[in-house]
Amino acid sequence: MTRILFLPGAGGSPDFWRPVGSLLPAQWPKHYFGWPGLGNQPHDPAITSLDDLVDLVAGQMDEPVDLVAQSMGGVIATRLALTQPERVRRLVLTVTSGGVDMAGLGASNWRADYRRSFPNAAEWITAAQSSPSLPIEKIEAPTLLIWGDADLISPVAVGQHLQSRLRTARLRVVPGGTHDLARENASEVASWIAEHLG
């Protein structure tokens with residue numbers, strides 16, 4: 001069975017994806033990442049950038065995996081799908097930037113709210129103003145895109161943009177879905193992910 005690596009957003013909690021993961025087949029092997037120093041997670045002096053998180057995930061990819069990612073985790077998943085295509089069987093991106101120009105697609109700036117919610121989070125997460133653009137049209141892994149039409153941080157226009165650039169992508173939209181749709185709409189999201197990964 002292909003192992004599923006669940007990547008949270010900047011909230012960093014390994015528990016973020018558990019409601020969805022618990023609804024997927026029990027026999028599917030799952031690994032839930034947390035991001036050291038982000039959200040309320042303990043700091044690790046070895047983690048000082050997004051590059052370090054990419055390396056953290058890559059260390060668990062000794063064989064092909066499926067990547068299921070939310071928000072900032074989607075940037076990590078996208079980078080891995082581009083640099084290690086032979087190790088990414090399928091990709092699920094939810095409410096992410098995926099390495100595209102967010103402001104140009106109507107996204108609000110999340111950094112001030114994030115810092116208020118997580119005052120002890122590592123400084124680097126809000127210091128970086130944007131992720132560099134990525135050549136996402138080169139991604140080969142079949143990709144499921146899940147967006148909510150009430151998400152101000154990653155508007156549905158971002159999902160539509162990614163769909164237009166990814167040859168193998170399918171976009172699903174949750175009516176009323178927010179940036180936390182994976183938790184708020186776990187049953188619906190899990191059914192779509194099960195169909196995509198099955």
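Residues numbered from 1 in each chain as written. Predicted model: local features only at pLDDT ≥ 70, side-chain atom pairs only at ≥ 80, totals over all residues. Heavy atoms only, no water.

Trainee: What am I meant to see in unusual backbone geometry here?
Mentor: Glycine aside, negative phi is the norm for most residues, and most peptide bonds take the trans geometry. The backbone of S71 shows a phi angle near 50°, a positive value even though the residue is not glycine. Of note, S71 is situated in the loop between β3 (65-70) and α3 (72-83). (Helix = DSSP H or I, 4+ residues; strand = E, 2+ residues; numbered from the N terminus.)

Trainee: Which parts of the structure should I look at to understand helix α8 (residues 186-197)?
Mentor: Two residues of an α-helix separated by three or four positions point the same way, owing to the 3.6 residues in each turn. For α8, built from twelve residues, the straight-helix expectation of 16 Å at 1.5 Å per residue is met to within 8% by its first-to-last C-alpha distance of 16 Å. Among the residues of α8, those classed as buried are A186, V189, A190, W192, I193, H196 and L197. Buried residues along α8 cover an arc of 165° about the axis, so they all sit on one side. Relative to its buried face, α8 has exposed residues pointing more than 90 degrees away, namely S187 and E195. (Expected span 1.5 Å × (residues − 1). Buried < 20%, exposed > 50% of the residue type's maximum accessible area, 1.4 Å probe, protein only. Arc of directions from axis to C-beta.)

Trainee: Could you clarify how one ought to interpret helix α2 (residues 50-58) in this entry?
Mentor: When we look at burial in α2, the residues that qualify are L50, D52, L53, V54, V57 and A58. Contacts made by the buried residues of α2 are with β1 (3-7), β3, α3 and α5 (124-127). The N-terminus of α2 is capped by S49, whose side-chain oxygen sits 3.3 Å from the backbone nitrogen of D51. (Contact = heavy atoms within 4.5 Å. Polar contact = N/O pair within 3.5 Å; in protein donor to acceptor, adjacent residues only side chain to side chain.)

Trainee: Can you walk me through the packing of α2 against α3 in this structure?
Mentor: Remark: α2 packs on α3, axes separated minimally by 10 Å, with the N-to-C direction vectors making an angle of 65°. Crossing of α2 against α3: the hand is right-handed. Between α2, through L50, D51, L53, V54, V57 and A58, and α3, the contact on the second element is made entirely by M72, V75, I76, R79 and L80. The class makeup of the residues in the contact of α2 with α3 is nine nonpolar, no polar and two charged. (Axes fitted to C-alpha atoms, helices over the stretch in contact; angles between N-to-C directions. Left-handed = near helix turned anticlockwise from the far one by under 90°. Nonpolar A, V, L, I, M, F, W, Y, C, P; charged D, E, K, R; others polar.)

Trainee: Can you walk me through the pattern of salt bridges in this structure?
Mentor: Opposite charge on two side chains permits pairing when their charged atoms draw close. Scanning the entire structure with this criterion turns up eight salt bridges. The salt bridge partner of D113 is R116, with a shortest N-O separation of 2.2 Å. Here D113 and its partner R116 are both found in helix α4 (residues 111-117), three residues apart, which amounts to about one turn of the helix. When its relative accessible area of 46% is taken as the criterion, D113 is described as partly exposed. Between R170 and E195 there is a salt bridge, with the nearest N and O atoms lying 3.9 Å from each other. Of this pair, R170 sits in strand β6 (residues 169-174) while E195 sits in helix α8; the two residues are 25 residues apart in sequence, bridging distant segments of the chain. Each of the salt bridges in this network shares a partner with another, and the network as a whole consists of R170, R172 and E195. (Salt bridge = Lys/Arg side-chain N within 4 Å of Asp/Glu carboxyl O.)

Trainee: Help me out: how do you make sense of the sheet that holds strand β4 (residues 88-94) in this one?
Mentor: In any sheet, the strands associate via hydrogen bonds between backbone groups, in a parallel or an antiparallel arrangement. The strand order β2-β1-β3-β4-β5-β6 describes an open sheet built from six strands, whose pairing is parallel. Looking along the sheet, the strands with just one partner apiece sit at the ends: β2 (30-32) and β6. The average undirected angle you get between the axes of adjacent strands in this sheet is 15°. Sheet topology places strand β5 (residues 143-148) next to β6; six bridges connect them, and they run parallel. Within the sheet, the bridge partner assigned to G148 lies in β6 and is V174. (Pairing = 2+ DSSP bridges.)

These figures capture arrangement, not role.
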